[in-house]
Each structure stands twice: as structure tokens, then as C-alpha cells.
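# Coordinate inspection notes
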Amino acid sequence: MPGDSDLEIEEAFRRAQKAHNNKAKLVASLKNRYNKLEDKTEFHEEFVRCLKYAMIIYTREPAVENVIDFVTRFAASFETPVNENPDEEEEEEDENEFLNFLLNFLLESHGANSHAVRFRACQLVNKLLGSLSENAQIDDDLWDRIHEAMLIRVTDKYPNVRIQAALAMSRLQDPSNVDCPTIKAYMLLLENDSNPEVRRAVLSCIAPSATTLSKIYKRTRDVKEKVRKLAYQVLAEKVHIRALSIAQRVSLLHEGLSDSADSVKEVVKTHLLPAWLRMQQGDVLQLLHRLDVENCAETAVTTLQAIFSMATSPDDLQNGVRALCEFVKNKGNEGEELLERLLPETAIFAEYLYSYLKSITQLSEEQRADMTQLEMVMTQEFIGQQLILLVGCLDTSEEGGRKRMVAVLQEILLMPNTPTSLIGLLVEKLIGILRDDAQKIQMVAEIISDVREPILPISEPVDENEKRRKQVKLAEVRVQIMEAKQTLEECISCQDFSRAAELKDSISQLEELKNQLVLEASQSADNIKEQRVEKSDAKTLLKCLTMCAELFKQMNIKRGICPTMNALIESLILPGVSNPNPAVRNMAVICLGTAALHSKDLANTHLVLLLQITQLDEPKIRISALRALVDQLLLNGLNILQDKPAPVSQDDSNEQPEHQAEEESTVQSILKMLSDFLDSEICELRTETAEGLAKLMYCGRILSPKLLSRLVLLWYNPVTEDDQRLRHCLGVFLQLYARASRTNQECVEESFLPTMRTLFNAPVTSPLSEVDTSNVAELFVELTRPSALVQPAAVQAVSVHDSLAVRVCNEILRDTSAPEVRLYCKTLSWLEINTEPGPANSDLQLLLKDILQEVKDKHSIRIIEKLCNQLNGDRCSKSAGNQDTTLQNLDDHNGGGQKKASTAKNGKKAELSSDESDEENVPEEPPSVRPSRRAKMAAIDKTKQDLTALMNQEANSS
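Remember, it's a predicted structure, so these values are computed and weren't measured experimentally.

### Concerning the overall build of the chain
Assigned secondary structure in the chain consists of 47 helices and 2 strands. Scored against the burial criterion, the 958 residues of the chain give a buried share of 46%. Summarising the internal contacts of the chain: among those between residues at least 6 apart in sequence, 71% fall at separations of at least 24. Taken as a whole, the chain presents about 50500 Å² of accessible surface, with 49% of it coming from carbon and sulfur.

### Regarding a negative patch on the surface
Taken together, the side chains of Asp 139, Asp 140, Asp 141, Asp 144 and Glu 148 define an acidic patch exposed on the protein surface. Along the chain, the position of Asp 144 falls in helix α8 (residues 140-153).

### Remarks on the side chain of Arg 153
Relative to the elements of secondary structure, Arg 153 occurs in helix α8. For Arg 153, a relative accessible area of 10% corresponds to the buried category. Excluding its chain neighbours within four sequence positions, the residues that come into contact with Arg 153 are His 110, Gly 111, Arg 118, Cys 122, Val 161, Arg 162 and Ala 165.

### Focus: helix α1 (residues 9-16)
For α1, the complete set of buried residues consists of Ile 9, Glu 10, Ala 12, Phe 13 and Ala 16. The buried residues of α1 occupy one face: seen down the axis, they fall within an arc of 160°.

### Comments concerning the environment of Leu 789
Position of Leu 789 among the secondary structure elements: in the loop between α39 (773-783) and α40 (800-814). With 47 residues separating them in the primary sequence, Leu 789 and Arg 742 have C-alpha atoms 7.4 Å apart. Aside from chain neighbours lying at most four places away, what touches Leu 789 is Ala 738, Arg 739, Ser 741, Arg 742 and Gln 745.

### Examining helix α11 (residues 196-205)
For α11, the tally of buried residues reaches 9 of 10 residues, placing the bulk of the element in the interior. Residues Pro 196, Glu 197, Val 198, Arg 199, Arg 200, Ala 201, Val 202, Leu 203 and Cys 205 constitute the buried set of α11. For α11, the side-chain oxygen to backbone nitrogen distance between the N-cap and Glu 197 is 2.9 Å, and the N-cap itself is Asn 195.

### A short note on the packing of aromatic side chains
The tally for this structure, following the rule as stated, stands at 22 aromatic pairs. Taking the centre distance of 5.0 Å and the plane angle of 90° together, the rings of Phe 47 and Phe 98 count as edge-to-face. Placement of Phe 47 in helix α3 (residues 41-55) and of Phe 98 in helix α6 (residues 97-109) is noted, with a sequence separation of 51 residues between them. Of the residues examined, Phe 47 reaches a relative accessible area of 0% and is grouped as buried. Centre to centre, the rings of Phe 78 and Phe 98 are 5.1 Å apart; their planes meet at 35°, and the pair counts as tilted. Of the two residues, Phe 78 is situated in the loop between α4 (62-76) and α5 (89-95) and Phe 98 in helix α6; the sequence distance between them amounts to 20 residues.

### Considerations on the side chain of Lys 543
Position of Lys 543 among the secondary structure elements: in helix α28 (residues 538-554). Of the side chains with opposite charge, Asp 537 comes closest to the buried, unpaired Lys 543, at an N-O distance of 9.7 Å. A polar atom in the side chain of Lys 543 sits 2.8 Å from the backbone oxygen of Leu 413. When neighbours within four sequence positions are excluded, Lys 543 is seen to be in contact with Leu 413, Leu 414, Met 415, Pro 416, Thr 418, Ile 423 and Val 451.

### Things to note about the pattern of salt bridges
When their charged atoms lie close together, side chains carrying opposite charge are able to pair. Applying the stated rule across the entire model yields 45 salt bridges. Note that Asp 179 is salt-bridged to Lys 184, the shortest N-O span being 3.9 Å. For Lys 184, a relative accessible area of 45% corresponds to the partly exposed category. Two residues, Asp 676 and Lys 672, come together in a salt bridge whose shortest N-O distance is 3.2 Å. Residue Asp 676 and its partner Lys 672 are both found in helix α33 (residues 652-677); the two are separated by 4 residues, about one turn of the helix. Under the relative-accessibility criterion, Asp 676 is labelled partly exposed at 41%. Residue Lys 672 is classed as exposed on the basis of its relative accessible area of 53%. Linked through salt bridges whose partners overlap, the residues forming this network are Glu 10, Glu 11, Arg 14, Arg 15, Glu 46 and Arg 49.

### Notes on the packing of α3 against helix α7 (residues 115-131)
The N-to-C vectors of α3 and α7 enclose an angle of 115°; their axes lie 9 Å apart at closest approach. It follows from the interaxial angle that α3 and α7 lie roughly perpendicular. Touching Leu 51, Ala 54 and Met 55 of α3 are Ala 116, Val 117, Arg 120, Ala 121 and Leu 124, all from α7. Its residues assigned to classes, the contact of α3 with α7 shows 7 nonpolar, no polar and 1 charged.

### Considering a nonpolar patch on the surface
Together, Tyr 698, Val 732 and Leu 736 give the surface a local cluster of nonpolar side chains, amounting to about 260 Å² of exposed area. Locating Val 732 in the fold gives a position in helix α36 (residues 724-740).

### Things to note about the packing of α1 against α4
Contact geometry for α1 and α4: axes closest at 8 Å, N-to-C directions at 125°. Regarding the angle of α1 to α4, the classification is oblique. Contacts between α1 and α4 involve Ala 12, Phe 13 and Ala 16 from the former and Asn 66, Val 67, Phe 70 and Val 71 from the latter. Classifying every residue of the contact of α1 with α4 gives 6 nonpolar, 1 polar and no charged.

### Notes on the confidence of the model for the chain
On average, residues of the chain carry a pLDDT of 80, and 80% of them reach 70 or more. Segment residues 874-916: pLDDT under 50, and 58 contacts once partners within four positions in sequence are set aside and those in other chains are kept.

### Side note on the environment of Trp 715
Within the secondary structure, Trp 715 sits in helix α35 (residues 705-716). Those residues in contact with Trp 715, other than ones at most four positions away along the chain, are Thr 720, Arg 727, Leu 730, Gly 731, Leu 734 and Leu 779.

### Remarks on the state of the cysteines
Inspection of the entire model under this criterion finds 0 disulfides. This cysteine, Cys 548, is not joined by any disulfide, and Cys 591 carries the nearest cysteine sulfur, 4.6 Å off.

Definitions and cut-offs
- Position numbers for residues count from 1 along each chain, tracking the sequence in the order it is written.
- Predicted model: local features are reported for residues with pLDDT of at least 70 only, side-chain atom pairs are reported and counted for 80 or more only, and whole-chain, interface and lining totals are derived from all residues.
- Neither water nor hydrogens contribute to the side-chain values; these are computed over all heavy atoms in the structure.
- Note on conventions: DSSP H or I runs of at least 4 residues are helices, E runs of at least 2 residues are strands, and numbering of each starts at the N terminus.
- Burial status follows relative accessibility: with a 1.4 Å probe on protein chains alone, a residue under 20% of its type maximum counts as buried, one over 50% as exposed, and anything between as partly exposed.
- Contacts: residue pairs with any heavy atoms within 4.5 Å of one another.
- Areas reported as accessible are Shrake-Rupley estimates using a 1.4 Å probe. Residue values count occlusion only from the protein chains shown.
- Patches in this entry comprise residues that are over 30% relatively accessible and not in a salt bridge; like charges within 9 Å are linked, as are nonpolar side chains (Val, Leu, Ile, Met, Phe, Trp, Tyr) within 5 Å.
- Here, a salt bridge means any side-chain nitrogen of Lys or Arg that lies within 4 Å of a carboxyl oxygen of Asp or Glu.
- Note that His is not counted, nor are the chain ends; the positive residues are Lys and Arg, and the negative ones are Asp and Glu.
- For the purpose of locating charges, the reference atoms are NZ of Lys, CZ of Arg, CG of Asp and CD of Glu.
- Arc, as used here, means the arc of the directions from the helix axis to the C-beta atoms.
- Polar contacts, as counted here, are pairs of nitrogen or oxygen atoms within 3.5 Å of one another; within protein the pair requires one atom able to donate a hydrogen and one able to accept it, and residues that are adjacent in sequence qualify only if both atoms are side-chain atoms.
- In summary, the pairing rule links any two rings of Phe, Tyr or Trp, Trp by its six-membered ring, whose centres are within 6.5 Å, and it sorts them by plane angle into stacked for under 30 degrees, edge-to-face for over 60 and tilted for everything else.
- A fitted line through C-alpha atoms serves as each axis, taken over the contacting stretch for helices, and the angle formed by two N-to-C directions is quoted from 0 to 180°.
- If an angle is under 35 degrees, it is roughly parallel; if it is over 145, roughly antiparallel; if it lies from 65 to 115, roughly perpendicular; otherwise it is oblique.
- Polarity classes work like this: nonpolar for Ala, Val, Leu, Ile, Met, Phe, Trp, Tyr, Cys and Pro, charged for Asp, Glu, Lys and Arg, and polar for all others, with Gly in that last group.
- For every residue, the predictor states its confidence as a pLDDT score lying anywhere from 0 to 100.
- Two cysteine sulfur atoms form a disulfide, by the criterion used here, when they sit within 2.5 Å.

Dropping the structure here:
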């Protein structure tokens, strides 16, 4: 080749491998050589020959990555600015000749059999497109070919190839086009790709639009922490708050600030909230207006506290009084001074609270139909709720202020117009201020008594005969007065003054008698006495039951039931259970369930009543009774009836077995009832039952493989797909339950085969026939993995996976021609089976040999043979797991110079996915442990590869 003074292509590639070389100088020197050539064909061929050595390497070697960067810079250097002068178009085409040639070569290579070549081809396309300027021009046909090729590669088998293809398509998408194939491919990957790094790559480059926003929003609920974190970052940086609905905003804040991962919480605090505040010009109140604070008060408070935690000065703490006070109070002694400045004295605040709650508007039934007035009253109640919550932040150590606050809370509870929604909160604050338990019970009982039996004026009936007699007598007195006055005038005219004086005295006496009769008549007409009158309307009963439920909730259950509480149960709660009003019945059931937690005798007495309510009443009341029943079982266990006193009998030997049999029958009926509720058509009842069973099993009250199998099937059942609460609850429960102890893992192991049989035998019309049985098997394998335990048990001869392997083998031998045999064999390959010699190993090998003789499926036979080799101590299958291959080991018989990278197949799908994925152009977490510089340099030297030897070897052989 001419031009020895210029840099040779091979020499340029050698130097490019070293990180310390200046790639800009290499690019300039090689381009200078390229420009001097008249025939570019030979240069192109030599360049591609050198590039192929890098493209056959799948691992992310530093030398290979340096070469890829060099090639990208060299190709991008041929891009020229866009000129409007048509005379210069031919020159631009000549300049772009190499870039077009390289892209054509990469498009020809993207369908190669080697996944390493496909990966490098997509990587180079990604880097080339990313290095071009915004106004760069590429031939339309070439652009369409790139688009088609990358659309094919995003469905590649290997995650790394899909990642690079997805990143390469970032400049090929058109968010304004609803039918854009790139957008559709992105949304498909976000929804269905099993590799989290692929989903992260798509999130990092997908353009938010009306079509894609819902898919980005769903990734905030991804199972992987890194994906959720990046989804929140994308929403903070690329999506305006107005593009989200109120429900989505509230959900993002609620789920983000309560996420199990601290890194996700930190992203919401440091990225999402500040971004939303900037959109509102830093106005916190304006941000609250963008949320539904009345219906999601707790989320609003959590949001405000997150904002306050990032405040750098007291001036930043200006909005959200209640959340601010709670935040400052949680600071302890540090926030006392600021809290005193924020809140008034307790007595003054009590007066203001009383005046505000007294002024809440009362609506009639007709007025409640007007949404404007209804919203106004709801706003007033919400403000009142926030004021009541502020009571918990007040300083009640001062005696006078505390007494005044107690008196005001009593008066508010006694007011007839106090909203029912505020009753429980008022009682909670009242009990919180009082210090003595007996005083708390006595005061609430007195308030309930005054509300239930208020003192009212009552008029007594009057005897009509007596009333008529008094009226006649009054009329006679009036006539006598008139006659005496007339006689008095006559005496005065006759100057009979002595007689006149007597008449005057007589008239005075008659006047007094008349006044007395008139007073008696008026008193008899208004004969009203004050006395207590019992009220039994639904509103009053609901108010009293709400206070009673809050009292039982706040009191310590170890205190037991006192006579006052027992009187409330007998006079208020039990009659309320049979009340015709559903709201009253529901609150009475809640009260009964809460009271039963305080006394096991009370629970035994009314357990049958709760069981009847769970099956016969309205759905809402049945759910309340079910919660009460689950609470009892959590507190006292299934042996709740054992403490019930047995009836006295002369023949104890006969009565005792009967009593025990009755207890067992009751327990079985409870479990059967709960199992039946899992098939209920009432979604809320089914969800509540599943949640209750999950609690009972996690706490160790129930150990039942059958019920666990039912919960797993319910989790996978397509019928429950829209029940997010059920899916979330069971998803969290299964992980925590299996990781808690080996006993739980053994329970999971026992439930495996019943679950799989149910799925395999499900009729076509059943929703369970749509469940992916392979995914279910993978779940059981992961749940029973010994390394998944929070506190791994001591090393035992037989692990849970060993026992599970024996069960699966016996199931295969039951019917070796069944279609599910292949899945069972695949399940065996996923298990972590102990390969150490021992009885368990020997028994398993015998079973595997029987399977090899009986099973005819070739795929299954290969799996079993591989498993037998592992049990026999053959480690050859594991030697392929070393991914740190070197270029020097390239096989001479690979005429094309392509290397087949081997992958470890250890049955762990998650680990395989992780090994084959990289995280280029995707935000990454900082490493938890930072190695020393010397250690890093040693590691680099150990894995560093050099392409020079390969290129020399190829040159010599040719």
C-alpha cells in the first residue's frame, strides 16, 4: 500500500487498543492517509479486516472497547456540515462514502450466527448514530435499512444485543406518529422483556408522549429496583406534572416515598419533588393543589415531610402547618423553640377548635344532592380534621391548658352537629391527653351515656276536669273584682269612705287570687320536666359505637374487660349487631371484634356469632367480621376454643373426647370457610380472605401446604389480574414466607406437586389453563432455594431441593408418557442438588436411572443425563461457566476467526440474564465497595487482551 510515511491501518488499530494513546491524532493521521488515496476500495477492505478481530469478542474487554471507540470517531469524522449550495452536494457524498460503507458493512453483519458479531454490530450502529450531529444527513434507503435491522435485533435472544439495538433506535423514533414501529417496539420491550437491563435501556431513550406515558408510568412498579429508580428519573426530567392525572401524581408520590428500596425514595425526594416544585415556581401550596389532599391526606403529609427534610433554612418551612408541626415535633428537643412559635397556647387553640367545628354547615337530604354544597361541607370537615390532628402537637403538660382542651373535646363530642367522620379522631385525641386508664374509660362512657340518653324537657299530661275547674274559678274571681270595683265607685260617689276602704282591701285580695290562678294555669299549660330520654336513631347509635370502637382500640388489651366496658358491650354493642341499619351493624361488628381482643372468654362466647355474620350479612359487614375473626386467630391461634370451660359432667371420660372433637370440628369448619371464601365472587371478600390467610401462615398460626397451594393459584389466576391489592399482598407474602425459615420452605415444597397437578388438570374452560406452568415451577424453585433463607440453617445432609428432586422424580415415574414430564425434567435442572456422596445422592441416582429407562422424550433424556453426570462428580458441564476467555485461545479451525462464547447453564435464569447484559448508557448505582487503585490495575492487567497477536497470526497464515 502506498504512503509509508502515513499511519498504517493495522498500526492504527494496534495503538487504538491502548487507552493512553491520543485517539484524535490517530483519527487525523488515518484520515489524512485515506484522503490521499484515489481508490478507496483497498482501504475499506483492510479496515474491515482489522475491525473484524474486535467484532468477534463478546466480553467487554478494555482493548476491544477502545478499538470500537476509535472506529466510531474515525467514521464520524467524515461527517460534514449540511450545506444548502447544490454544487457542494457531490463533495459531501464523497466525504460520506466511508461512513456509508461502514454502515452497510454493519447492516450485512447484524444477522450473523455469532451473538458477539451481532452485539458489536449493534453497538457500532448505536455509537455511530449517537456521534452524528443533529442536522446530519443519511441516505433515505440506508436509514430505512438501519431501522429495519434494529427492529429485528431488539428481538434477539441475547439481552446485550437487544440493549444496543434499543439504544441505536433512539434517534429513529417519531413520538408524533401513533403508528411508529420504534415506539411500538419500545413499548413491547417495556412490557414483556424479561431482562431488567433491557427495560432500563428502553426507559433511558424512549420519548415521552401520550402513547408512551402510561408504559413509563407502569415501570415505577417494576420488580427491579434499578428500573423503578430510572422510571422516576425519566418522569422527573422529561414529563410535566400536568401531563399526569391526579391519581397518577398521588400514586407516584405514595408508592415512591414508601418504596422498599432507599435509592428509589431518594430519587423521589431529590429528583421528582424538586422538579414538580420548579414547575410550580417553588410554591408548595400550589403543588398541593395539584394533588387530591382531601382524599389522600397521608400522602400529602408524607410529601410535605419529604420537602421539609430537604429544606436548608427555617425560611423554607412556611407551608403545610400540620405536616410542618409534626415534622418539627419529631425533631425532639431541636424543634421545641420553633414549635412554640408555630402553635398558640393550648387553651387558645381549644377555643378556636370549638368555634370552628361548631360552625360546620349541616345539610339536609335535599341539600346533599347539590354537589357544590356537599363539596363545601367536605372541605370544612377536612379542615376540621387537620385542626384536630394538630392537637397531638400541642404542649399539654400545663395543667390549665390540658383541662380546657379536655373540656372542649367533651363539648364537641356532645354537640349533635359534630360530623361522624371526626368522632373517632376526637376520641383518640381525648384519650391521648388523659393519663389514667380508668379516667379514660369513665370519661368516654359518660360521653356515650350523655349522647345516647340526653337530658330533654318533657311536658306531663294535664287533667282536663281540673283545668276546667280552675278556669271557672278564675272567671268567678274576675267577676267579683269587677263587681267590687263598681261598688267602690258608688261608695266614693256617696262619700262612704269606710265602706270604700273595705272594698279596696277586698279588691286587692281578689287581684292576688286572680294572679295566683293565672300562674297556676300557665304552669299547668307548660308543665315541662327535664329527664333523660334514650335515643335509638341510626345517627346517634353510629356516633356512640364509633366512640366505643375507638376506646377499645386505644386501650391496652392486657388490661382486660372492666365492668364499665362490659356494660357498654351488653347495652350498646350486642343490640347494635342486630340493628336493621347496615352502617350501625357494621360498626357494632367492628366494636365486638375489637372488644374480643381484650378477653378470650368474650371471644369464645361470640365466636359463633362472628362466624355466622361472615356468611350471612352484607359484603361490607362480612368483611368486618372476617377481619375480627382473623385478628382473633392471630392473637390466640386455632386453639382459641381450648380455653373454653367444658360442661360439668359426672362421666368426664366420655365428655372429654366429645369436647375435643367439637373443638377440632370448629377449627376445620373455620379453615373450610376461609378456603371457600377464596373462590368468592365478591372481590373484596376474596382479597381480605387471602390477606388474612397470608398473615396467619406468616405468623405460624397455620401450616398448610393445601392453603399455600390455593394462594399460589390465586396469585396466578387471570381472574385476579385487575386486583392489584391481592397481587401485591401475595407477591410480598410468598417471598417473605419462604425466606423466613426452613420449615416454611418445606411447606412450599409440599405444595409444589398439588399446585402443578391442578394446573395440568385444569379444563380448557378454566382460567387456570392460561397460566404459564414453567413460570410457576421457576417460582417454586426460587422460593425453596437454600441460599434464599434470611438466616441459613445449619448444614444438613438433605436440603429442600434434594427432597423436591425426589418428589419430582417420583411424579415423573408415575406416568412417563405424560406431557408434563418435560417440564418436570427441566425443573430438575434448575435445582441446587447436593452432589456430595451420601444416601440421598444414591437414592436420587437410582430414580434418575429409572427415568432414563422409562422416558422416551430426547430433550428430557439429555437433561437427566446431564444431571446424572453432575451427581457422579463430573464437573465438565460447569467448566463452561468461565466467561473470562482470552483471544489467545481462539480455535485455529474457526476459519472465519469467530469465537463461540460459552455460557454457564446452572439452572438459574436470573443469573444467566445478568451475566449476558451490560449497562451501557444506562444510569448505574455507585459501587458499594471501592477497591484500591493497585487492585484495580492488577485486575485490568489480568484481563487485558491484545489484538496484535491475532492480526499477526492471520497475516502469517495468509
